[in-house]
Amino acid sequence: MKLWTVVNRAIVGWQMIVRGQPGWRSQFTISAAGLATALFVFIFVAFLGVAAASMSIGMPGGMGVLTAMAVLALPVISLVATLMISRSFINSQAPMLPVLVPGVYAMAGFLLFEGLLALIGGPIVMLAWFGTGYLLFRLARIALLWSIGVAAGFAALTIVLLVAMRLALYMLPTTLL
C-alpha cells in the first residue's frame, strides 16, 4: 500500500472515531502488519522531526539520529505502557491491536502537531497534549468500550507518563554532571 493511502485512511478512520461512527476499523489494518505499517509511518515522521530540528545545526551522526528518534519514540512507549497498565488494573482481556494501530497513527500526528506548536513556543505546546488526550479518550471508548472514567484515566495517564518521561530525560544530564 502506498504511504499516502495509508495516512489518508488513518485520517478518515480517526475522523470516524472522534465522531463515534461505526466502521472505523475498516480504515485501519488491525493486525500485526497494520501495526508494522503504523510504526513505519511513526518512524518516518520521527525522522522528519529530527531532520527539521537539526536544519540550523546540521544533521547529527548515526548515533545522534538514533538517540533523537529514541526520545521521539516516547509517545508510543507511553501508549503501550499505559495500555498494559490499564488492562491489568481493570482485568481486561480486550485485544491491544484495536488501540495500538490507530494509537500509533495518533502519536505520529501528535509529533507533527507538537513540532509545529513548538515553533510558536511557550505553553501553547500543551494544546498538542490535550488534543492527543482527547483522541486517546475517544479511542478507548470506541475500541475497548471502556467506561468514561476508565477511558479518561487511560488518556490522562498516557499523557502524564509521556510528559514525565520527557522531563526525566531533560533532568538526566544535569544529575550526571
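Remember, it's a predicted structure, so these values are computed and weren't measured experimentally.

**What to know about the side chain of Arg 138**
Phase 1 of the analysis: With respect to the helices and strands, Arg 138 occurs in helix H6 (residues 126-143).
Phase 2 of the analysis: Once residues within four sequence positions are removed from consideration, Arg 138 is found in contact with Ile 17, Val 18, Arg 19 and Gly 20.

**As for the pattern of salt bridges**
Phase 1 of the analysis: Following the criterion strictly, the structure yields 1 salt bridge and no others.
Phase 2 of the analysis: Note that Arg 166 and Glu 114 form a salt bridge whose closest N and O atoms lie 2.5 Å from each other. Note that Arg 166 is positioned in helix H7 (residues 148-176) and Glu 114 in helix H5 (residues 97-120), a separation of 52 residues in sequence. We note that Arg 166, like Glu 114, is buried.

**Regarding H5**
Phase 1 of the analysis: With 24 residues, H5 should reach 34 Å at 1.5 Å per residue; the first-to-last C-alpha distance of 35 Å fits that figure.
Phase 2 of the analysis: Looking at the residues trailing H5, positive phi occurs at Gly 121, about 95°.

**Focus on the confidence of the model for the chain**
Phase 1 of the analysis: Residue-level pLDDT values for the chain average 90, and 97% of them are 70 or greater.
Phase 2 of the analysis: Within the chain, no element has a lower average pLDDT than helix H3 (residues 62-72), which sits at 85, and none a higher one than H6, at 95.

**Considering the nonpolar core**
Phase 1 of the analysis: Core analysis: the biggest nonpolar cluster contains 48 residues, and Trp 24, Phe 28, Tyr 105 and Phe 154 have the highest contact counts within it.
Phase 2 of the analysis: Considering each element in turn, this core owes the most residues, 11 residues, to H5.
Phase 3 of the analysis: When near neighbours in sequence (up to four residues on either side) are disregarded, Trp 24 contacts Gly 13, Met 16, Ile 17, Pro 98, Pro 102, Leu 139, Ile 142 and Ala 143.

**Quick word on unusual backbone geometry**
Phase 1 of the analysis: In this structure, Asn 91 takes a positive phi of about 55° despite not being glycine.
Phase 2 of the analysis: Structurally, the position occupied by Asn 91 is in the loop between helix H4 (74-89) and H5.
Phase 3 of the analysis: Judged by relative accessible area, Asn 91 falls into the exposed class, the value being 66%.
Phase 4 of the analysis: Despite not being glycine, Leu 145 has its phi angle at roughly 55°, a positive value.
Phase 5 of the analysis: Counting through the fold element by element, Leu 145 comes out in the loop between H6 and H7.

Quick notes on the rules
- Residues numbered from 1 in each chain as written.
- Predicted model: local features only at pLDDT ≥ 70, side-chain atom pairs only at ≥ 80, totals over all residues.
- Heavy atoms only, no water.
- Helix = DSSP H or I, 4+ residues; strand = E, 2+ residues; numbered from the N terminus.
- Contact = heavy atoms within 4.5 Å.
- Salt bridge = Lys/Arg side-chain N within 4 Å of Asp/Glu carboxyl O.
- Buried < 20%, exposed > 50% of the residue type's maximum accessible area, 1.4 Å probe, protein only.
- Expected span 1.5 Å × (residues − 1).
- pLDDT = per-residue confidence, 0-100.
- Core = buried A, V, L, I, M, F, W, Y, C linked by side-chain atoms within 4.5 Å.

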